[in-house]
Number of protein chains: 2
Amino acid sequence: MEKQKIAVFGGGSWATAIVKMLLENLDTVGWYMRNEYVIEHIKQNNQNPKYLSSAELDSKKLDLSSNLNDIINNYDVLIFAIPSAFLTAELAKLNTSLKDKTIFSAIKGIVPETGLIIGEHFNKEYNISLENIGVITGPCHAEEVAMERLSYLTIACKDEEKAKNMADALKSWYIKVKISDDIIGTEYAAMLKNIYAVAAGIAHGLGYGDNFQSVLMSNAIREMKRFIKKVHKMKRNINNSAYLGDLLVTGYSTFSRNRMFGNMIGKGYTVKSAQHEMSMIAEGYYATKSAFKIRQDKGGKTPIIDTVYTILYENRNPKKEFKKLTDKLD
Amino acid sequence: MEKQKIAVFGGGSWATAIVKMLLENLDTVGWYMRNEYVIEHIKQNNQNPKYLSSAELDSKKLDLSSNLNDIINNYDVLIFAIPSAFLTAELAKLNTSLKDKTIFSAIKGIVPETGLIIGEHFNKEYNISLENIGVITGPCHAEEVAMERLSYLTIACKDEEKAKNMADALKSWYIKVKISDDIIGTEYAAMLKNIYAVAAGIAHGLGYGDNFQSVLMSNAIREMKRFIKKVHKMKRNINNSAYLGDLLVTGYSTFSRNRMFGNMIGKGYTVKSAQHEMSMIAEGYYATKSAFKIRQDKGGKTPIIDTVYTILYENRNPKKEFKKLTDKLD
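Rules used in this analysis
- Residues numbered from 1 in each chain as written.
- Chains lettered and ligands numbered in written order.
- Predicted model: local features only at pLDDT ≥ 70, side-chain atom pairs only at ≥ 80, totals over all residues.
- Heavy atoms only, no water.
- UniProt positions renumbered as here; feature names shortened; annotations may be inferred.
- Helix = DSSP H or I, 4+ residues; strand = E, 2+ residues; numbered from the N terminus.
- Rg over C-alpha atoms; globule rule 2.2 N^0.38 Å.
- Contact = heavy atoms within 4.5 Å.
- Areas by Shrake-Rupley, 256 points an atom, 1.4 Å probe, with all protein chains shown as cover.
- Lys, Arg positive; Asp, Glu negative; His and termini not counted.
- Charge placed at Lys NZ, Arg CZ, Asp CG, Glu CD.
- Least-squares fit on C-alpha atoms with pLDDT ≥ 70 in both.
- Buried area = accessible area lost by both parts, 1.4 Å probe.
- Salt bridge = Lys/Arg side-chain N within 4 Å of Asp/Glu carboxyl O.
- Pairing = 2+ DSSP bridges.
- Axes fitted to C-alpha atoms, helices over the stretch in contact; angles between N-to-C directions.
- Buried < 20%, exposed > 50% of the residue type's maximum accessible area, 1.4 Å probe, protein only.
- Expected span 1.5 Å × (residues − 1).
- Domains from an automatic or database assignment.
- Parallel < 35°, antiparallel > 145°, perpendicular 65-115°, else oblique.
- Polar contact = N/O pair within 3.5 Å; in protein donor to acceptor, adjacent residues only side chain to side chain.
- Right-handed = clockwise from strand over helix to strand, strands pointing away.

The name an unreviewed UniProt entry gives chain A is Glycerol-3-phosphate dehydrogenase, with Polaribacter porphyrae as the organism. Per UniProt, the comment on chain A under Sequence similarities (unreviewed entry) is "Belongs to the NAD-dependent glycerol-3-phosphate dehydrogenase family." Annotation of chain A in UniProt includes, under Catalytic activity (unreviewed entry), the sentence "sn-glycerol 3-phosphate + NADP(+) = dihydroxyacetone phosphate + NADPH + H(+)".

Asker: Can you break down the overall build of chain A residue by residue, with the values?
Answerer: Tallying secondary structure elements over chain A gives 15 helices and 10 strands in all. For chain A, whose C-alpha radius of gyration is 19 Å, the value lies close to the compact-globule estimate of 20 Å for 330 residues. Projecting the C-alpha coordinates of chain A onto the three principal axes gives extents of approximately 55 × 40 × 40 Å. Taking the contacts inside chain A whose residues are at least 6 apart along the sequence as the reference set, 68% of them involve residues at least 24 apart. Surface summary for chain A: the accessible area is close to 13,300 Å², and the carbon and sulfur share equals 46%. In chain A, which carries 44 positive and 37 negative side-chain charges, the distance between the mean positions of the two groups comes to 8 Å.

Asker: Pulling in residues and values, what's your account of the environment of Asn 258 of chain B?
Answerer: Residues and elements named next belong to chain B. Counting through the fold element by element, Asn 258 comes out in helix H11 (residues 257-266). The spatial distance from the C-alpha of Asn 258 to the C-alpha of Asn 194 is 6.0 Å, given a sequence separation of 64 residues. For Asn 258, the residues in contact, after removing those within four places along its chain, are Asn 194, Ala 197, Val 198, Ala 282, Glu 283 and Gly 284.

Asker: I'd love a proper account of the relation of the copies chain B and chain A, names of residues and values included.
Answerer: Take chain B, turn it by 180 degrees, move it 0.0 Å along the axis, and it overlays chain A with an RMSD of 0.0 Å. Both copies of the chain, as the preceding transformation shows, are related through a two-fold rotation axis. With an isologous cut-off of 70% or more, the 100% of interface residues of chain B that recur at the interface of chain A puts this contact in the isologous class.

Asker: Kindly report on the interface of chain B and chain A, identifying the contributing residues and their values.
Answerer: At the interface, 38 residues of chain B touch 38 residues of chain A. Carbon and sulfur atoms make up 54% of the area that chain B and chain A hide from each other, which totals about 3,100 Å². The largest share of the area that chain B buries against chain A comes from Tyr 152, Asn 211 and Asn 239 of chain B, three residues that together contribute 21% of it. Counting across the interface, chain B meets chain A through 4 salt bridges.

Asker: Please set out the sheet that holds strand S4 (residues 77-80) of chain A residue by residue, giving values where relevant.
Answerer: Residue and element names in this part refer to chain A. An order of S3-S2-S1-S4-S5-S8-S9-S10 is seen for the 8 strands of this open sheet, with the pairing classed as mixed. The strands lining the two open edges of the sheet, one partner per strand, are strand S3 (62-65) and strand S10 (175-180). Within this sheet the neighbouring strands show an average axis-to-axis angle of 20 degrees, counted without direction. Both strand S8 (residues 133-137) and strand S9 (residues 151-157) contribute to a ladder of 4 bridges, which runs antiparallel. Bridge pairing in S9 links Ile 136 to Ile 155. Docked against the sheet, helix H8 (residues 183-206) engages strand S5 (102-105), S8, S9 and S10, running at close to 40 degrees with respect to S8.

Asker: How would you explain unusual backbone geometry if you had to name every residue and give the values?
Answerer: Residues and elements named next belong to chain A. The peptide bond linking Gly 138 to Pro 139 adopts the cis configuration, its omega dihedral lying at 20 degrees. Position of Pro 139 among the secondary structure elements: in the loop between S8 and helix H6 (142-146). A positive phi angle, near 60 degrees, is found at Asn 127, a position not held by glycine. Taking relative accessible area as the criterion, Asn 127 reaches 71% and is therefore assigned exposed.

Asker: Outline the UniProt feature "domain: Glycerol-3-phosphate dehydrogenase NAD-dependent N-terminal" (unreviewed entry) in chain A, listing residues and values.
Answerer: Per the UniProt record, "domain: Glycerol-3-phosphate dehydrogenase NAD-dependent N-terminal" (unreviewed entry) is annotated on residues 5-162 of chain A. In residues 5-162 of chain A, the share of helix is 34% and the share of strand is 23%. The end C-alpha atoms are 12 Å apart.

Asker: Which residues make up helix H13 (residues 283-298) of chain A, and what values do they have?
Answerer: Residue and element names in this part refer to chain A. For H13, with 16 residues, the first-to-last C-alpha span of 22 Å sits near the 22 Å given by 1.5 Å per residue. Turning to H13, its buried residues number three or more, namely Glu 283, Gly 284, Tyr 285, Tyr 286, Ala 287, Thr 288, Ser 290, Ala 291, Phe 292, Ile 294 and Arg 295. A positive phi of about 80 degrees marks Gly 299, the residue just after H13.

Asker: So what's going on with the sheet that holds strand S1 (residues 6-9) of chain B? Residues and values would help.
Answerer: Residue and element names in this part refer to chain B. Pairing in this open sheet of 8 strands is mixed, and the strands run S3-S2-S1-S4-S5-S8-S9-S10 from one edge to the other. Looking at strand neighbours, the two that pair on one side only are strand S3 (62-65) and strand S10 (175-180), the edges of this open sheet. Across the sheet, the mean angle from the axis of one strand to that of its neighbour is 20 degrees, orientation sign disregarded. Two elements, strand S2 (residues 29-32) and S3, share 4 bridges in a ladder whose sense is parallel. Its bridge partner lying in S3, Gly 30 is registered against Asp 63.

Asker: Report on the domain arrangement of chain A, specifying residues and quantitative values.
Answerer: Residue and element names in this part refer to chain A. Split into domains, chain A comes out as domain 1 (6-181) and domain 2 (185-328). Using only C-alpha atoms to locate each centre, domain 1 and domain 2 end up separated by 25 Å. Taken together, the contacts link 25 residues of domain 1 with 20 residues of domain 2. Here domain 1 meets domain 2 over a buried area of about 1,900 Å², counting both sides, of which 61% is carbon and sulfur.

Asker: Give a description of the UniProt feature "domain: Glycerol-3-phosphate dehydrogenase NAD-dependent C-terminal" (unreviewed entry) in chain A that names residues and reports values.
Answerer: Taken from the UniProt record, the annotation "domain: Glycerol-3-phosphate dehydrogenase NAD-dependent C-terminal" (unreviewed entry) applies to residues 182-320 of chain A. Spanning residues 182-320 of chain A, this segment combines 76% helix with 0% strand, and its end C-alpha atoms are found 37 Å apart.

Asker: A description of the pattern of salt bridges should follow, citing residues and the corresponding values.
Answerer: When the charged atoms of two side chains with opposite charge come close together, those side chains can pair. Per the counting criterion, the structure on display carries 40 salt bridges over all chains. Between Glu 160 of chain B and Lys 164 of chain B there is a salt bridge, with the nearest N and O atoms lying 3.2 Å from each other. Residue Glu 160 of chain B and its partner Lys 164 of chain B are both found in helix H7 (residues 160-170); the two are separated by 4 residues, about one turn of the helix. Classification of Glu 160 of chain B by relative accessible area gives partly exposed; the value is 47%. We note a salt bridge from Asp 168 of chain B to Lys 171 of chain B, for which the minimum N-O separation is 3.2 Å. Put simply, Glu 314, Arg 316, Glu 321 and Lys 324 of chain A are held in one network by salt bridges that share partners.

Asker: So what about the packing of helix H9 (residues 210-231) of chain A against helix H14 (residues 303-313) of chain A? Which residues, and what values?
Answerer: All names here are of chain A. Where H9 contacts H14, the two axes come as close as 8 Å, and the packing angle between them is 100 degrees. Here H9 is positioned roughly perpendicular relative to H14, judged by the angle of their axes. When H9 is examined against H14, the residues Leu 216, Asn 219, Ala 220, Glu 223, Arg 226 and Phe 227 are found in contact with a partner set consisting of Pro 303, Ile 304 and Ile 305.

Asker: Quick one: what's the story with the side chain of Thr 186 of chain B, residue by residue and with numbers?
Answerer: All names here are of chain B. Take Thr 186: it is sitting in helix H8 (residues 183-206). According to the relative accessible area criterion, Thr 186 is buried, its value standing at 1%. There is a polar contact of 2.8 Å between the side chain of Thr 186 and the backbone oxygen of Asp 182. Contact partners of Thr 186, with chain neighbours within four places excluded, come to Val 135, Thr 137, Ala 156, Ser 180, Ala 242 and Tyr 243.

Asker: Give a description of the pairing of S10 of chain B that names residues and reports values.
Answerer: Residues and elements named next belong to chain B. As defined by bridge partners, strand S9 (residues 151-157) adjoins S10 across 6 bridges and the pair is classed as parallel. By the bridge assignment for S10, Ile 155 is matched with Ile 179. On the question of chirality, the crossover connecting S9 to the parallel S10 by way of H7 is right-handed.

Next up, the structure:
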């Protein structure tokens, strides 16, 4: 098979992990990031100084650039791993065509400006056909990719061949890959799990224990199933790794930014002070707003999303709201 | 409502937690345990010196005895929370009738001598009708009951009134209770989750990370669903707290004896040395043998149970067996 021309967009830990995975299989990987200092550092030191610095990256095989359009023009398959909050600003730099490109989202979030998941955003705002859109999803902490600990990915694309090609490009002795045709469901799951991780964090911050966390996660997966069924009804097993596994790896992880953010909220920080303290924005914050809006439009019972929404956006008391939530769980 | 006459059998942490819960609602709780020294200590100090010693137990309301038959004769509803490995020896002391008694299992295991779950054991060996048998299940670490951290129980009984009565006796400001009619499924779930906790421990001991654990748990709940469907087909949502929640609280807990046991096996201990080191026997050890036998009889795909079985009972190399297992998960 001819080597695929794949590029990654983003300089964070998940982008870096994906680049590392691709380097196991490809001779050249395109890599766009804004920060020219980081690009220079990677070229000279074979490692990203800011994220996942323990991962060795063979810079001879990297085509690094801070010019978004150059990278787009030179590659066929584009993997976006830019935090959703910055995606619009990055895409504003676009002055070339995305026609005939295959776009994979590895973002796991929602575009704050449009309230759309990434696949829908490219479909509606950039007129990319759904056949040319795919999703790369976990359960997968980037940190464990750096350590080459066995991890499983799910690649979703309506075009099975495109999914298989991406699977071939990513798999290695420490990465197993499964394909799926549920691009909408896997991406919503990846976005919703961040909200549930915020909820898990709030619960922990409020002093709830492991018994409660397991009940919360058990309710969360049922809520996720109902929610995704409303937005895109198809046959899917919600207990597959891309849905339940992804929920668990995030909800039970102390690494998770969303869980950390929730934990601070539970401990009494305001949203603003928690965001300031973390010097980053948890995806789950935006996801909550969008999910709540979708729920209002489509209906359905989503007590966990509703509770996180009232806490984050209506400034309600976490302790009181969680007390009410506990009566709705079972 | 007239106060129920309920007694608890067993002196361990889960028995102690159940006694504590009952004391919130009842004026008298019967409590059988073997150890007379512990009985004396509880009477004098209002706490179990060996397990859950932080839980205050009002001894004025406790009817403690080391005479199994006395307690059985004086109470209508009997909650068994004796480790399954000792149940046969305890029941050998029986010289009174269990007729007209309602028996609840809080054991979460399998009787090693008969290979039966507790409900089936009482049904088949003691001729107790299934209508008079119930199950008390988590997700619930006893330690968190002692701390009065919010926990959710599921009470399963075919006789809804008996389930409701038990729910009334157990619920309090920190205990929420749900009822179910799935006595077979909830008890198998409680027993199977111990095997998956052993598996999670082995994986951890071998150096697998959080990404893999989430995939393992996602596969475990699907395997549990298939297994329980084979032994007792009925409509159930495997993602309810009694099944998935119970799996998670055990699989993700570092307190879990089963997970600790698995962890030692993963690190290279033999079964014997791990059991010796822990000075107790993990329920999951017996559960594995029984579940494997049931799987052989009934068929079905249970790669995780099979793997744990070959490691614990066929003395196979954990590293090699888990390597093979990773190819069967997705």
